[in-house]
Structures are given as structure tokens and as C-alpha cells.
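Letter by letter, the chains look like this.
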Amino acid sequence: MAKTDTLHIVGGGMAGSEAAWQAANMGVSVVLHEMRPHVKTFAHRTGNMGEMVCSNSFRSDDDEQNAVGLLHWEMRTAEGLIITTAHRHRLPAGGALAVDRDPFSEAITKALTDHPNIAISHEEVSELPSEGQWIFATGPLTSENLGAAIQAETGADRLAFFDALAPIVYAESIDMDVAWRQSRYDKGETEEEQKAYINCPMTKPQYEAFIDALLAADKTEFHDGETATYFDGCLPIEVMAERGRETLRHGPMKPVGLTNPHKPEEKAYAVVQLRRDNALGTLYNIVGFQTKMKYGAQASVFKMIPGLENASFARLGGIHRNTFLNAPTLLDAQMRLRSKPNIRFAGQVTGVEGYVESAAMGLLAGRMAAAEILGQPLPVVPQDTAHGALVHHITGGAEAKTFQPMNVNFGLFRPLDGLRGGRKGRRERYKGYTDRAKEEWSRWLATQKEPA
Ligand SMILES: Cc1cc2nc3c(=O)[nH]c(=O)nc-3n(C[C@H](O)[C@H](O)[C@H](O)COP(=O)(O)OP(=O)(O)OC[C@H]3O[C@@H](n4cnc5c(N)ncnc54)[C@H](O)[C@@H]3O)c2cc1C
């Protein structure tokens, strides 16, 4: 193989380690560039590859009823390094896949170091090269120099350094006997635009009780070193409430330009709005509700909103130090930078969220890059698999204007004909999604060359 056929991967975390493993197993020479231990981040402690920076959990391992568990299954059947090593270093944790973190990352480091097709180079990469095949998997704590180089290429507004996650609700779990569809002042050319939002009305006592609950809720702190100044326009809702009990009513919860068709005579005191979050229309985010409330508190506080009493959440809110691209506008379906197609991105920097999702995007990017080098392009990843649903979401399915990191969830999956909606049909529906995904994923894997 010619020297130019080497694949360079930057970042030896969840995504970069997995990408290196997959590409090397396809017979491609890989150089893995990792800046640690010479250049540190505030969250990593070691120079190991695949270090878990915080929790030691890969979340649910249930591959029939849980979308993360399905991602585990898909990675396992693709002989993923991260997931198989996690299983080897599993700790008892009920249905979750908890991992003994140090032996885990030591085993990942050894597997990569021992691989005949992989060389590890401990150095920071601070630019986006114009030549050669590269995958950047530098994660939420991408180094400052590289962040500046990425912004120079993409434009400053296309690379964020903090996320501001508003909770996302499954559309089917919103009570439309209480809520209604309408954009403020019926704005928009088409009926779809005029009904783009779902509105949940509050009376004065409901609003007051909601503010009390927000103020009393347990909040999470930023990690040491994760210093944050809040930006105007993405203040946590509880911080807005602390600034004055009426602040939210004059901000994201203002009740103007809206008429409740269920009670046209009654003027709502405040209105919570939800906006469509994906092209499928299965997910809605609560507009302006980014928050540092603890997860348990969020579920109970948000269920006080009329219409959301039985809401199921695809993602809860949060605000974290997190470097991520506006992937829907910047990346093509092969995860290549549109403006520089010799460069791919993978992992959390592409706008997925979590160890498992990041490793999964590394798995795809590694296979895609290796296939391109070998001159055997991969068939499109089926959209009805967990990997396919995620990559489709970040590279096209998500709303680009309001793009924020996403974890894998069944709201990203195309509906299955003939299956019952709502809470009651959930077990059967999730089984239907996971069965369909397993079949499609197995078929997709079978189209590829056996590992060398
Ligand atoms: C404080 C914190 C806590 C978190 N807690 C959790 C959690 O509990 N559970 C969870 O699922 N996720 C958590 N995350 C998110 C987690 O980081 C990701 O899920 C996962 O690690 C992302 O994988 P990745 O490969 O994209 O990035 P990483 O695993 O971070 O790997 C990126 C690698 O790139 C290297 N790098 C960066 N810039 C350069 C450069 N210029 N040159 C060379 N190397 C470079 C870094 O040193 C790092 O090793 C947390 C993130 C942070 C910041």
C-alpha cells in the first residue's frame, strides 16, 4: 500500500480508538495521533486511549427494548473494540453495562499498541491538513489550537464550545387534548409553518407552582475546570427564574400571539412552547428550557406543565463544556467535511452525545474512511439501524438552525407500519424497531469484506 494510503486519526478517545481498530482490521495503515499525556484536558487523568472521563457506565445493555442497548448489539456484531472490551471488564450493575474503567482503558491501549497496522503518535494536531485521509475525533475537549483551526475553516458560528440542551419529548406522549399546534401570530407561509409549535398553556396558579418547583429543584454543578460564563440567549431556565418570578413569562414562556382552541375564551397566563426537533416529527424540544437541574428533578418539574403530565423524554436538558460542529450543514452523509472531503469527523464533536454514541460514530467513520482508501465505498448505512438513525440525524435529519448534541433514542427511528402508537404499544413497537434494525445491520455488515 502506498504511503499516501495511510489513515490519520486524531484523538484516541472512544471514537478515535474505535475508528483506528475498524480501519486497521480492514487492512489499512493507521497513525493515531493523541495529544495526551503531553497536552492535558481538565477531565482526563491518564495517557490511555479510551479513557472514561466521568461515569463508568455504558448505560442499558438491553438490545430489545432500549436504543442504547441496540447500539451495543450492533457494535458487538461489528467486532467493535470499545464494546467488546467493555463487556470483558464489566462490573455488576443490573441491566446497565458498567465498566472497570482503568483496566478497560489499559486494555484498549494495549489492543491498539499491539495491532500491526496501527502506530500511535503522542502529539497535538493543530490544523486541518489539505492532503491525506484524516479523521478528527477530538471530542468535547478538542484542544484550543485545533478548535481555532476548525473555526477558521467552518466559520466561527459553526463550532460551539458549550452545549445548551433543552429537554426533548416524544411527540406521541404530549396530551393534545390540552396542548395545541400554532406558531405565534400564525406566522409562516404554509400551514405547516403556521402550526410549527406545540403550545402548553398555564394558569397563574400553575405558573407560580412551576416557578417554586424550579427554584427548589436540585441542580448540578459544573465539573472542576469546566468554568462557564452563560451566554445571553441560553441562560438556564432556573437562572432566569432566579432573576425574577416574571422573567420566564416575559421570555420563553410569554403567552402572546397564541389562542388556545380548547378554551378560546380563556387567556393563558404563560405558555410553554415545543418545537419540532427532527424531520420525522417524532421529537419536540421545549423551547428555551436548557437547564442544570438534576435529571430526577427535571422529570418531575417538567411533568407539571399542562399537556406534559405523561411526557416521555428522549433527552433531558443540560449545559456542558462541549466542542461540537453544526454537523447538518458541515458534514456529508459519509461524515466528510463538505469543504474539505479528505477530512472526516467522528465522535462527540459531530454532535452525538455519550461514550456509546461516540464510539459508534467512530466505528462508522473508520469503516467509511478505510473503504474509501481501499477503493471499495461502503453501501449507505441503513437508516433503520441505530447507527444509521444517528448518522442520518446528525448529517441531515436534525434541524440545522437549532442543532444540539443528541443521544440515540427510538424517536430517531422511522415509524413501523401497523404498530400501535402511544405508551400502551411501546413494548411491541420497540421490539419491532430492534428486530428491524438487527436484520438491516446484519445485512449491511455482510456486504463488507471480511476483516483481514
Ligand atoms: C467533564 C465531562 C464529563 C462527561 N461525562 C460523561 C459521562 O458520564 N458519560 C458519557 O457517556 N459521556 C460523558 N461525557 C462525554 C464524553 O466525553 C463523551 O461521551 C466521549 O468521551 C466522547 O468520545 P470522543 O472520542 O468523541 O471524545 P474523547 O473520548 O474525549 O476523546 C477525544 C480525544 O482527543 C484528544 N485530543 C483533543 N484535541 C486533540 C488534538 N488537537 N490533537 C490530538 N489529540 C487531541 C483528547 O485528548 C482525547 O483523548 C463527558 C464529557 C465531559 C467533558
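Just above, that's the structure.
Since this is a predicted model, take the numbers as computed values, not measurements.

Each helix and strand in the protein chain was counted, giving 13 helices and 17 strands. In terms of C-alpha radius of gyration, the protein chain reaches 22 Å, essentially the compact-globule figure of 22 Å for 452 residues. Counting only C-alpha atoms, the protein chain reaches 75 × 50 × 50 Å along its principal axes. Across the 452 residues that make up the protein chain, the buried fraction comes to 55%. Pairs at least 24 apart in sequence give 71% of the contacts found in the protein chain among residues at least 6 apart.

Around the ligand, 32 residues are found, and the nearest of them are A15, E34, R36, Q348 and G354. Measuring from a nitrogen atom of the ligand, one finds a backbone N or O atom of V125 at 2.8 Å. Coverage of the ligand by the protein chains reaches 93% of its 970 Å² of free accessible surface. Contributing elements (two or more residues each) for the shell around the ligand: α1 (14–25) and α11 (355–373).

This brings us to the sheet that holds strand β16 (residues 336–337). Strand order across the open sheet formed by six strands is β6-β2-β1-β7-β17-β16, with mixed pairing between neighbours. Here the strands that pair on one side only, and so sit at the sheet edges, are β6 (118–121) and β16. Here three bridges tie strand β7 (residues 133–136) to strand β17 (residues 340–345), and the two strands are oriented parallel to one another. The residue bridging I135 from the neighbouring strand is R344, located in β17. Sheet contacts for α1: β1 (7–10), β2 (30–33), β6 and β7; angle to β2, the most-contacted strand, approximately 170°.

Among the structural elements, S143 can be located in the loop between β7 and α5 (144–154). There is a polar contact of 2.8 Å between the side chain of S143 and the side chain of E124. Not counting chain neighbours up to four residues away, the residues in contact with S143 comprise M35, E124 and V125.

Taking strand neighbours across the sheet as the criterion, the six strands line up as β10-β11-β12-β13-β9-β14 in an open arrangement whose pairing is antiparallel. Looking at which strands have only one partner, the edges of the open sheet turn out to be β10 (180–181) and β14 (313–315). Alignment of β10 against strand β11 (residues 197–202), held across two bridges, turns out to be antiparallel. Across the sheet, W180 pairs through a bridge with N199, a residue of β11. Helix α7 (residues 204–216) rests against β11 and β12 (270–276) of the sheet, and its axis sits at about 95° to β11.

Turning our attention to unusual backbone geometry. Going from R36 to P37, the amide bond is cis rather than trans, its omega being 0°. Relative to the helices and strands, P37 is located in the loop between β2 and β3 (57–60). Of note in this structure, M335 is not a glycine but carries a positive phi near 65°. For M335, the position within the fold is in the loop between α10 (327–330) and β16.

Here we take up the nonpolar core. In this structure, F58, F345 and L364 are the most contacted members of the largest nonpolar core, which totals 92 residues. Filtering out sequence-adjacent residues up to four positions away, L364 remains in contact with M335, V381, H387, V391, W441 and W444. Core analysis: the next-biggest nonpolar cluster, separate from the first, contains 36 residues, I211, A213, I237 and L308 among them.

Turning our eyes to something else, we now look at the environment of I83. The topology assignment puts I83 in helix α3 (residues 81–88). Here I83 is in contact with F58, H72, M75, R76 and L97, once residues within four sequence places are set aside.

With that settled, the discussion passes to the layout of surface pockets. The space that makes up the second largest pocket amounts to roughly 690 Å³. Broken down by secondary-structure element, the contributors of at least two residues to the lining of the second largest pocket are β8 (159–162) and β15 (321–325). Element by element, the count of residues in the lining of the second largest pocket is highest for β8, at three residues. Looking at the lining of the second largest pocket residue by residue, the class counts come to 19 nonpolar, eight polar and eight charged.

Basis of the calculations
Residues numbered from 1 in each chain as written. Predicted model: local features only at pLDDT ≥ 70, side-chain atom pairs only at ≥ 80, totals over all residues. Heavy atoms only, no water. Helix = DSSP H or I, 4+ residues; strand = E, 2+ residues; numbered from the N terminus. Rg over C-alpha atoms; globule rule 2.2 N^0.38 Å. Buried < 20%, exposed > 50% of the residue type's maximum accessible area, 1.4 Å probe, protein only. Contact = heavy atoms within 4.5 Å. Near = heavy atom within 4 Å. Polar contact = N/O pair within 3.5 Å; in protein donor to acceptor, adjacent residues only side chain to side chain. Areas by Shrake-Rupley, 256 points an atom, 1.4 Å probe, with all protein chains shown as cover. Pairing = 2+ DSSP bridges. Axes fitted to C-alpha atoms, helices over the stretch in contact; angles between N-to-C directions. Core = buried A, V, L, I, M, F, W, Y, C linked by side-chain atoms within 4.5 Å. 1 Å grid on protein atoms, 1.4 Å probe; cavity = no way out; pocket = protein on both sides within 12 Å on 5 of 7 lines; lining within 4 Å. Points joined across faces, edges and corners; volume = space filled by probe spheres on them. Nonpolar A, V, L, I, M, F, W, Y, C, P; charged D, E, K, R; others polar.

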